[in-house]
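Given next are the chains, with one letter for each unit.
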Amino acid sequence: MSLVQVIKNYVTRMIKESEPGYKIMLMDKETTSFVSVVLGMSEVMRQEVYMFERLDQTSSGENMSYLKCLVFVRPTRENIDLLVRELQRPRYGTYYIYFSNVVSKSDVKLLAEADEQEVVREVQELYADYQALSPHLFSLNMLTHSQGLKWASGALQRTVQGVAAVLFSLQVLPSIRYQNNSEMARVLAENVRQTILNESSLYNSPDAEGNTLLLILDRRDDAVTPLLHQWTYEAMVHELLGVASGRVSLAHVAGVADDLKEVVMSPAQDEFYAQSMYLNYGEIGQTIKDLMEEYQKRLSKQQKVESISDMKHFVESYPQFKKMSGTVSKHVTVVGELSRLVGSHTLLAISECQQELVCGSDHSANLQRIRQLVTDPRVREVDAAILVMLYALRHEGHPNTDLKGLVSALNKRNVSDRYLKLLSSLMEFGGARARQSDLFGTQLPQDVSAIRKRFFKGLKGVDNVYTQHKPLLLETLEDLMRGRLREGAFPFCGNSPSQMTASRPQHVVVFVVGGATYEESLAVHQFNVKNTNVRVILGGSTLHSSSSFLSSVEAAMEGVPGKTLRL
């Protein structure tokens, strides 16, 4: 059930099913990102792919009828219109058209009518309509998904298509459960179920209908996790540098070499990154040191070319040596920039405060520490604002809350009005009234086992003060596998399956409406390692950093009437 391998297999299938000879790949913006995250363009080009073009950026250039054209696009109205135009004046000898999802018969008819020169050899559906970021993680790259409590225009359809494509590509026919207090989750569940019923013929495997669950959650139930600084290599790169389609821009780094201004940071294309992405900040520093030492050893050996045999060995090992050199240069540069940002923005102190705030219960100590950091000039205004946001979420309704004083401190340091408005929006989006869960463990437990769990929560398996927090998703998965996920809180969509299937699924696809995070991805990875009898896949509207999450809250709550925060 590796999503990366699924997409790779689809691309390989596209290339191999066409006639031998040089080909061009014609893709749209989204399918380009789907392919580029899992396969390097050089890797695709080794399979007789001569060139890549974007369907939305083509012009009536020279006729290249000697080339075959592999078209891989989403079945959107825009793409169908562009393909019709392409086929009316074909530039290539033959066309093999692959859609990333289900395409309507009427659209296929339009293409057939446009193909007057009969250049189309194949039209197929491949269900690769999502970005596979790792074997267990996918994203739909949708930053804006809602308008208040309802789906934004076009967002529901795109989400249904993406989630259904994951299920079709994995050939799993799941039971569906959703978060009960989320109207958006319910609507998505019903639409995905209807899509599965309408396209039941796509399941050609006798094992498709098995012990699988699709669990649909809402980001509003846990607005804390996306705001916290994380310390795994993967999460730090995303939070501090930004990752787009598996690529990171380092153009802003002083003195960076030209070939390092944009680097690939995708586990499917970088073996060292795949092995290091879940290491924490301290571990990655030592791992980079070990990599450097290994490189220096090999370098010293390469410099001792004293015989014909040495020359032969050098020529044979040069490609591998050059690859290792590039790996060392890239990761030393990335980790160096991460280290600079951590130090200059006092992120360790901020992270420690965040963790104590959301995991601890000492209101007075939390308040005092936040006051110190909010007034510290070394702390960025965004970090100061997020600390106040976390305080507002954590101590909402506390009798001694001093949110007014913290907001006053933000005003004194001239924090942007945007963050003050976001504070109110965030409380409407993910405050206590918006949540179904007991996010902070403040409600009175109903039984002895819950009391025991509450007392020991945060103590077991905690490495250090920076990793105390565990996302709500992990608790939900643990309840699910123990058969304790209440049907009242997470009802089934359609008929409930048998009790065994309902409580002990072997495959779980979790989709978070509003976006998932790399902390949740880490939790799922660790859960899969620990529980070998179940496989969990995580997806979301997008993969959030703190800044993208705040932007999505801002977009969702814009123009939505709500209560003004009382300060």
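Residues numbered from 1 in each chain as written. Predicted model: local features only at pLDDT ≥ 70, side-chain atom pairs only at ≥ 80, totals over all residues. Heavy atoms only, no water.

Visitor: An account of the overall build of the protein is needed here, citing residue identities and associated values.
Guide: Check the secondary structure of the protein and you find 21 helices and 17 strands. Taking all 567 residues of the protein together, 52% fall into the buried category. The long-range fraction of contacts in the protein, counting pairs at least 24 apart against all pairs at least 6 apart in sequence, stands at 81%. As displayed, the protein offers around 26,700 Å² of accessible surface, 49% of which is attributable to carbon and sulfur atoms. (Helix = DSSP H or I, 4+ residues; strand = E, 2+ residues; numbered from the N terminus. Buried < 20%, exposed > 50% of the residue type's maximum accessible area, 1.4 Å probe, protein only. Contact = heavy atoms within 4.5 Å. Areas by Shrake-Rupley, 256 points an atom, 1.4 Å probe, with all protein chains shown as cover.)

Visitor: I'd love a proper account of the sheet that holds strand β16 (residues 535-540), names of residues and values included.
Guide: The six strands lie next to each other as β6-β7-β16-β14-β11-β10, forming an open sheet whose pairing is mixed. Each edge of the sheet is formed by a strand with only one pairing partner; in this case those strands are β6 (131-134) and β10 (175-178). On average, each strand axis in the sheet is tilted by 20° relative to the strand beside it, whichever way the strands run. (Pairing = 2+ DSSP bridges. Axes fitted to C-alpha atoms, helices over the stretch in contact; angles between N-to-C directions.)

Visitor: How would you sum up the packing of aromatic side chains? Please name residues and give values.
Guide: The tally for this structure, following the rule as stated, stands at 10 aromatic pairs. Geometrically, the ring pair formed by Tyr 92 and Tyr 95 is edge-to-face, given 6.0 Å between the ring centres and 65° between the ring planes. Each member of the pair Tyr 92 and Tyr 95 is classed as buried. Taken together through their ring pairs, the aromatic side chains of Tyr 127, Phe 168 and Tyr 203 make up a single cluster. Taking NZ or CZ as reference, Arg 220 lies 5.3 Å from the ring centre of Phe 429, over its face. (Phe/Tyr/Trp six-rings, centres within 6.5 Å; stacked < 30°, edge-to-face > 60°. Lys NZ or Arg CZ within 6 Å of the ring centre and 35° of its normal.)

Visitor: Help me get a handle on the nonpolar core, residues and values and all.
Guide: Here is a general trend for soluble globular proteins: nonpolar side chains tend to be buried in one another's company. The biggest cluster of nonpolar side chains holds 85 residues, and the ones touching the most others in it are Tyr 130, Phe 138, Val 192, Ile 216 and Val 510. Examining the composition of this core, we find that nine residues originate from one element, helix α6 (residues 155-170), more than from any other. Setting aside chain neighbours within four positions, we find Phe 138 in contact with Leu 3, Tyr 130, Gln 131, Leu 133, Val 166, Val 509, Phe 511, Ile 537, Leu 538, Gly 539, Gly 540 and Leu 543. Listed in part, the 73 residues of the second largest apolar core include Val 248, Met 265, Leu 373 and Leu 422. (Core = buried A, V, L, I, M, F, W, Y, C linked by side-chain atoms within 4.5 Å.)

Visitor: I'd like to hear about the environment of Ala 392, residue by residue, with values.
Guide: The residue Ala 392 is located in helix α14 (residues 381-394) in this model. In this structure Ala 392 comes out as buried when scored by relative accessible area, which is 6%. As for Ala 392 and Leu 423, which are separated by 31 residues in sequence, their C-alpha atoms are 8.1 Å apart. Here Ala 392 is in contact with Leu 403, Leu 423 and Met 427, once residues within four sequence places are set aside.

Visitor: Requested: an account of the pattern of salt bridges, with residues and values cited.
Guide: Going through the model one piece at a time under the given rule, you end up with 24 salt bridges. Where Arg 158 meets Asp 129, a salt bridge forms, and the shortest distance between an N and an O atom there is 3.4 Å. Of the two residues, Arg 158 is situated in helix α6 and Asp 129 in the loop between β5 (120-125) and β6; the sequence distance between them amounts to 29 residues. Neither residue differs from the other here; Arg 158 and Asp 129 are each classed as buried. With a shortest N-O distance of 3.4 Å, Lys 261 and Asp 258 are connected by a salt bridge. What emerges from the salt-bridge pattern is a single network uniting Glu 30, Arg 74, Asp 129 and Arg 158. (Salt bridge = Lys/Arg side-chain N within 4 Å of Asp/Glu carboxyl O.)

Visitor: Can you break down the pairing of β5 residue by residue, with the values?
Guide: Where strand β4 (residues 92-99) and β5 come together, five bridges link them in parallel fashion. Paired with Ile 97 across the two strands is Val 123, which belongs to β5. Read from β4 through helix α5 (residues 105-114) to β5, the crossover connection turns out right-handed. (Right-handed = clockwise from strand over helix to strand, strands pointing away.)

Visitor: Tell me about the pairing of strand β14 (residues 507-513), residues and numbers included.
Guide: Burial analysis of β14 places six of its seven residues in the buried class, which makes it a mostly covered element. Inspection of the sheet shows strand β11 (residues 212-218) paired to β14 by seven bridges, in the parallel sense. Bridging from a neighbouring strand, Ile 216 pairs with Phe 511 of β14. Where β14 lies against β16, six bridges are found, and the strand directions are parallel. Looking across to β16, one finds that His 507 is bridged to Arg 535.

Visitor: Give a detailed account of the confidence of the model for the protein, specifying residues and quantitative values.
Guide: Of the residues in the protein, 87% reach a pLDDT of 70 or more, and the chain-wide mean stands at 87. In the predicted structure, residues 444-462 sits below a pLDDT of 50 and forms 14 contacts with residues beyond four places in sequence or in another chain. (pLDDT = per-residue confidence, 0-100.)

Visitor: How would you sum up the sheet that holds β5? Please name residues and give values.
Guide: Read from one edge to the other, the open sheet built from five strands follows the order β2-β1-β3-β4-β5, with strand pairing classed as parallel. Edge strands, defined here as strands with exactly one partner in the open sheet, are β2 (49-54) and β5. Direction aside, neighbouring strands of the sheet carry axes that sit 20° apart on average. The pairing of strand β1 (residues 23-27) with strand β3 (residues 64-73) spans five bridges and is parallel. Among the inter-strand pairings, Ile 24 is bridged to a residue of β3, identified as Cys 69. The sheet contacts of helix α2 (residues 29-38) involve β1, β2 and β3, and relative to β1 the element is tilted by about 120°.

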